[in-house]
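Secondary and tertiary structure notes
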Amino acid sequence: MRSEDTEFVGGPLDGRVLPIMVSLFNAVPKVYRVPVPAHGDEPARTLVYDRAKVYTAKGRMRWRYEYRAPEDAAARP
């Protein structure tokens, strides 16, 4: 399968660019979940990022992920 470098905005992954597998139509998944294991006194949790459209300076559409706050993560599937 093909992957595309995708930017993350907000949250702990802010500013990182990671390779994400794309579908046949070059789209990344709508929601990207990152499991974070328990460490010390902190319980295990899941970071949730939502897909968003952005346009380059040349007008080309690209995808990026925007962080969803923890209180919003429980409200949406």
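Above: the structure in question.
Treat the numbers as computed from the prediction; the structure is a model and nothing was measured.

Attention shifts here to the overall build of the chain. Looking only at helices and strands, the chain has one helix and five strands in total. Counted from the first residue to the last, the chain has its helices and strands arranged as β-β-β-β-β-α. Judged by the C-alpha coordinates and their principal axes, the chain covers about 45 × 25 × 25 Å. Counting every position in the chain, which comprises 77 residues, the buried fraction comes to 22%. Sequence-distant contacts in the chain: of pairs separated by 6 or more residues, those separated by 24 or more amount to 31%. Working note: accessible area of the chain is about 5,700 Å², and carbon and sulfur atoms make up 55% of it. When the 13 positive and 10 negative side-chain charges of the chain are each reduced to one mean point, those points stand 10 Å apart.

Before going further, it helps to examine the sheet that holds strand 2 (residues 17-21). Ordered in space as 2-1-5-4-3, the five strands form an open sheet in which the pairing is mixed. The two strands at the open ends of the sheet, each matched to only one other strand, are strand 2 and strand 3 (31-36). With strand direction ignored, the average angle separating the axes of adjacent strands in the sheet is 40 degrees. In the sheet, strand 3 pairs with strand 4 (residues 45-55) via six bridges, with the strands oriented antiparallel. Across the sheet, the residue bridging to Val36 is Arg45, located in strand 4.

The subject of this paragraph is the packing of aromatic side chains. Tallied over the full model, the rule gives five aromatic pairs. Consider the rings of Phe8 and Tyr49, whose centres lie 5.1 Å apart with planes at 85 degrees: the pair is edge-to-face. Here Phe8, found in strand 1 (residues 3-9), pairs with Tyr49, found in strand 4; they are 41 residues apart in sequence, far enough to count as distant. Both residues of the pair, Phe8 and Tyr49, belong to the buried class. Among the aromatic residues, those joined into a cluster by ring pairs are Phe8, Tyr32, Tyr49, Tyr65 and Tyr67.

Procedures and definitions
- All residue numbers here refer to positions counted from 1 along the written sequence of the relevant chain.
- Selection of residues for local features in this predicted model requires a pLDDT of at least 70, selection of side-chain atom pairs for listing and counting requires 80 or more, and totals for whole chains, interfaces and linings are taken over all residues.
- Hydrogens and water are ignored here; the side-chain numbers use all heavy atoms of the structure.
- Note on conventions: DSSP H or I runs of at least 4 residues are helices, E runs of at least 2 residues are strands, and numbering of each starts at the N terminus.
- The buried label goes to any residue with under 20% of its type's maximum accessible area, the exposed label to any with over 50%, and the partly exposed label to all in between, with areas taken from a 1.4 Å probe on protein chains only.
- Residue contacts follow a heavy-atom distance rule, with two residues in contact if any of their heavy atoms lie within 4.5 Å.
- Computed with the Shrake-Rupley method and a 1.4 Å probe, the accessible areas treat only the protein chains shown as cover for residues.
- Only four residue types enter the charge count: Lys and Arg as positive, Asp and Glu as negative, with His and the chain ends excluded.
- Where a charge lies is defined by one atom per residue type, namely NZ (Lys), CZ (Arg), CG (Asp) and CD (Glu).
- Two strands pair if DSSP finds at least two bridges between them.
- Helix axes are fitted only over the stretch in contact, all axes being lines through C-alpha atoms; the angle between N-to-C directions runs from 0 to 180 degrees.
- Side-chain rings of Phe, Tyr and Trp, where Trp is taken by its six-membered ring, are said to pair if the distance between their centres is within 6.5 Å; with planes under 30 degrees apart they count as stacked, over 60 as edge-to-face, and otherwise as tilted.

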